[in-house]
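Per-entry structural report
The chain contents come next:
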Amino acid sequence: MRQFTPALLTLQLLVSLTGSPVEAADKIQIWLNPQSIYRPESGGNYLITGLKLLERDDAERAAAQFQHCKDPSLVSSPVLVRMASAYLDAGIYDRSIECADIIIKRDKKLSSVNDLVTAYTTKAHTLISLNKRTEAATCLVQACHVKVDNPNAPFHEASEELLKLGKAAEALKLSDEGLKAVPELPFSYLSRALVLNSLKRYPEALETLNKCLAVCATAKKRYGPDCHIGFIPKVYQERAICYDKLGQPARAEADRKYVRSENNAWEDSFFADHSDIVPKAAKPKTSK
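All chains use their own residue numbering, which begins from 1 and follows the written sequence. In keeping with the predicted nature of the model, local features appear solely for residues at pLDDT of at least 70, side-chain atom pairs appear and are counted solely at 80 or more, and the whole-chain, interface and lining totals rest on all residues. Hydrogen atoms and water are omitted, and side-chain values are computed over all heavy atoms in the structure.

1. Some details on the environment of Ile103
Every helix listed is a DSSP run of H or I at least four residues long, and every strand listed is a run of E at least two residues long, numbered separately from the N terminus. The residue Ile103 is located in helix 6 (residues 93–105) in this model. In this structure Ile103 comes out as buried when scored by relative accessible area, which is 1%. The spatial distance from the C-alpha of Ile103 to the C-alpha of Thr118 is 9.6 Å, given a sequence separation of 15 residues. Excluding residues that lie within four positions of it along the chain, Ile103 makes contacts with Ser77, Leu80, Val81, Ser111, Asp115, Leu116 and Ala119. To sort residues, take the accessible area from a 1.4 Å probe on protein chains only and compare it with the maximum for the residue type: under 20% means buried, over 50% means exposed, and anything in between is partly exposed. We call two residues contacting when some pair of their heavy atoms lies within 4.5 Å.

2. Focus on unusual backbone geometry
Its identity as a non-glycine residue notwithstanding, Asn131 has a phi of 60°, on the positive side. Position of Asn131 relative to the elements: it lies in the loop between helix 7 (113–129) and helix 8 (133–144). Positioned with a positive phi, His228 is a non-glycine residue whose angle comes to about 60°. Relative to the helices and strands, His228 is located in the loop between helix 12 (202–223) and helix 13 (232–245).

3. Section: the packing of aromatic side chains
Working definition: rings of Phe, Tyr and Trp (its six-membered ring) pair if their centres are within 6.5 Å, and the pair is stacked with planes under 30 degrees apart, edge-to-face with planes over 60 apart, and tilted otherwise. The final tally for this structure, using the stated rule, is three aromatic pairs. Ring centres of Phe66 and Tyr87 lie 6.4 Å apart, and the angle between their planes is 70°; on these two criteria the pair is classed as edge-to-face. Of the two residues, Phe66 sits in helix 4 (residues 59–66) while Tyr87 sits in helix 5 (residues 77–90), which places them 21 residues apart along the sequence. With respect to class, Phe66 is no different from Tyr87; both count as buried. Measuring from centroid to centroid gives 4.1 Å for Tyr236 and Tyr258, while their planes differ by 35°, and the two rings are tilted. Placement of Tyr236 in helix 13 and of Tyr258 in helix 14 (residues 249–270) is noted, with a sequence separation of 22 residues between them. Classification of Tyr236 by relative accessible area gives buried; the value is 18%.

4. Focus on the confidence of the model for the protein
Every residue gets a pLDDT, meaning the predictor's confidence in that residue, from 0 to 100. Within the protein, residue pLDDT values average 82, and 77% of them lie at 70 or more. Low pLDDT (under 50) marks residues 1–11, which in the prediction has 21 contacts with non-local residues, meaning those over four places away or in another chain. Segment residues 270–288 is flagged for pLDDT under 50; beyond a separation of four residues in sequence, or across chains, it makes one contact in the model.

5. Focus: the pattern of salt bridges
Note on definitions: salt bridges are taken to be side-chain nitrogens of Lys or Arg within 4 Å of carboxyl oxygens of Asp or Glu. Throughout the structure, instances matching the rule amount to twelve salt bridges. A salt bridge links Asp244 to Arg256; the nearest nitrogen and oxygen atoms lie 2.6 Å apart. Of this pair, Asp244 sits in helix 13 while Arg256 sits in helix 14; the two residues are twelve residues apart in sequence, bridging distant segments of the chain. Asp244 gets classed as partly exposed once you look at its relative accessible area, which sits at 37%. Taken together, the salt bridges that share partners define one network made up of Arg133, Glu161 and Lys164.

6. With respect to the environment of Pro72
Mapped onto the elements of the fold, Pro72 is located in the loop between helix 4 and helix 5. With near-sequence residues (within four places) excluded, Pro72 lies in contact with Leu80, Arg95, Glu98, Cys99, Ile102 and Arg106.

7. Concerning the environment of Pro249
Structurally, Pro249 is set in helix 14. Pro249 sits in the exposed class, given a relative accessible area of 56%. Sequence-distant contacts of Pro249, defined by excluding residues within four places in its chain, comprise Tyr243 and Asp244.

8. As for helix 9 (residues 155–164)
Of all the residues in helix 9, the buried ones are Phe155, Ala158, Ser159, Glu161 and Leu162. Viewed along the axis of helix 9, the buried residues span an arc of 165°, placing them on a single side of the element. Once helix 9 ends, the next one or two residues include Gly166, with phi positive near 80°. Note: the arc covers the axis-to-C-beta directions of the helix.

Okay, here's the thing in structure tokens:
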């Protein structure tokens, strides 16, 4: 029977995901926790199967494979974040939190910034599923402060959770931190506007929403017309509220009209008759 060493198991795992032995070998140092040994309780081959299933968006079956890992502390952080996500999607919340906590408590040398941010964020989403919103908000704030200029830091999400808890001042402070760190992310502008609207600071909210739309317009020029296509109507919807509060009903109605037109366009596209792109059956030949 073939014996798998830690390096061989990790190489097999990476080859299965990358399809390239050379590329897999290059990534071993990233995926293998050098302070751990792939003992049977790590569920090595089950991890490989689970990761393959995750690649096919089959989180439930992936989580079933990951359950064979009796000691997640033996697993590297990049694999643990995927395990935590699969457990969350499968509704196995205790295991999701367990995997996330291992990364959070681990020596920072063993986890990348993105691994740590994802661990905090996944734990927060798990806590939200358990209706533990205060703890979830704390996790999201911690994710933001791992590295404030990280584009993946969930400032907008953390701000909105704080707002739901009635902590508008904290939410506004966090939104400002996020915009200062990464000013090109439109989501943070919308979150800031939501807080300002809740504080009845409508002129500031309107200014923030206009900046948000300007950022979206720049992104469209750079990445194409579909950039932020589902997000922009939300900004217009929130801006309509500002216009109402500022006594500008005509502008409010113009924004709502835009939202309706965008929603109708999306529905027309989604439910369109695509028969014109389906090959038509050839007409039967008639004999002369």
